Amino acid sequence: MSGNKGKLYVVGVGPGSHDHMTHRAKQVIDESQVIIGYDTYVSLVEDLIIGKEVYRYAMTQEVDRANQAIDFAEKGKVVSLVSSGDPGIYGMIGLIYEILAEKGWDREKGIYVECVPGVSSLNSCAALVGSPLMTDFAVVSMSDLLVPWEIIVKRVEAAAIGDYVTVIYNPASKKRVHQLRDTREIFLKYRKPDTPVAIVKGAYREGQQVVITTLDKMLEHQDMLGMITTVIVGNSSTFNYKGMMINPRGYTSKYELVKQPAKK
């Protein structure tokens, strides 16, 4: 490992709107000489990377782009590896650290690495639909490319038994057909059919779609289900109020929420 002090920023660019990018994310992208990322994510920051060296990758080339980003940094370059949402939630920072660990990277002597957090899909989608994440929640990806489906089923079952509000990433794709259907069946063993469910496609991007439905009817919205969609399944306390998914924080057990006017 070279002692050359290149820099590698793994940057979360948020849901896709510049208004929801952090100041630090914009700062490090501006500082960087090289921009690397999945083509769709690079396009989200197109106007911020004019004149820079840019490398765009297809969906399944995560290892290639991670190694290229490290290689450029080891050669002394300042690099931004861009990720949508937050790079620490189903993002690229884990792979970067795995590769660096195999290479024997030293945090003090090797390249500088910084994870620049962003607004994750669970944050942005929750903000659009009300307040579904007010109490403990679980996050599960339906992608079984890297995690065996049998393990995912166990995690879904645990979330359902534990009455967690559950955020579902990667709910469906052309090849991923049965997973969300199976997940719904598991939840129906522990939740009422009218449990509120939010489906958000392309949060804060052009063409954004938001639907509040129920556990019983969630599969009626197949046209919205895909890789840029997030599904939020409520727990036993979640309720729908005028198209908003609300999860009580628990204040009603200790406080009078609406003050009654004093009697004259």
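Structure report, in brief. Note that the structure is predicted; figures quoted are calculated from it, not measured. (Residues numbered from 1 in each chain as written. Predicted model: local features only at pLDDT ≥ 70, side-chain atom pairs only at ≥ 80, totals over all residues. Heavy atoms only, no water.)

**What to know about the pairing of strand S11 (residues 229–233)**
When you tally the buried positions in S11, you get 5 out of 5 residues, the bulk of the element. Alternating positions in S11 separate into two faces, Thr229, Val231 and Val233 on one and Thr230 and Ile232 on the other, with burial throughout. Pairing between strand S8 (residues 165–169) and S11: 3 bridges, direction antiparallel. Residue pairing for S11: Ile168 is matched across the bridge by Val231. Sheet analysis places strand S9 (residues 196–201) next to S11, joined by 5 bridges and oriented antiparallel. The residue of S11 that forms the bridge with Lys201 is Thr229. (Buried < 20%, exposed > 50% of the residue type's maximum accessible area, 1.4 Å probe, protein only. Helix = DSSP H or I, 4+ residues; strand = E, 2+ residues; numbered from the N terminus. Pairing = 2+ DSSP bridges.)

**Considerations on the packing of aromatic side chains**
Tallied over the full model, the rule gives 5 aromatic pairs. Relative to Tyr169, the ring of Tyr90 has its centre 4.9 Å away and its plane inclined at 45°; by these criteria the two rings are tilted. Of the two residues, Tyr90 is situated in the loop between strand S4 (78–83) and helix H4 (93–103) and Tyr169 in strand S8; the sequence distance between them amounts to 79 residues. Using a relative accessible area of 47% as the deciding quantity, one classes Tyr90 as partly exposed. (Phe/Tyr/Trp six-rings, centres within 6.5 Å; stacked < 30°, edge-to-face > 60°.)

**Quick look at the side chain of Asn235**
Examined against the element boundaries, Asn235 turns out to sit in the loop between S11 and strand S12 (239–241). Looking at Asn235, its side chain comes within polar contact range of the main-chain oxygen of Asp163, at 3.4 Å. Of note is the side chain of Asn235, whose polar atom sits 2.9 Å from the backbone nitrogen of Ser237. Once residues within four sequence positions are removed from consideration, Asn235 is found in contact with Thr135, Asp163, Tyr164, Val165, Arg191, Thr195 and Asn247. (Polar contact = N/O pair within 3.5 Å; in protein donor to acceptor, adjacent residues only side chain to side chain. Contact = heavy atoms within 4.5 Å.)

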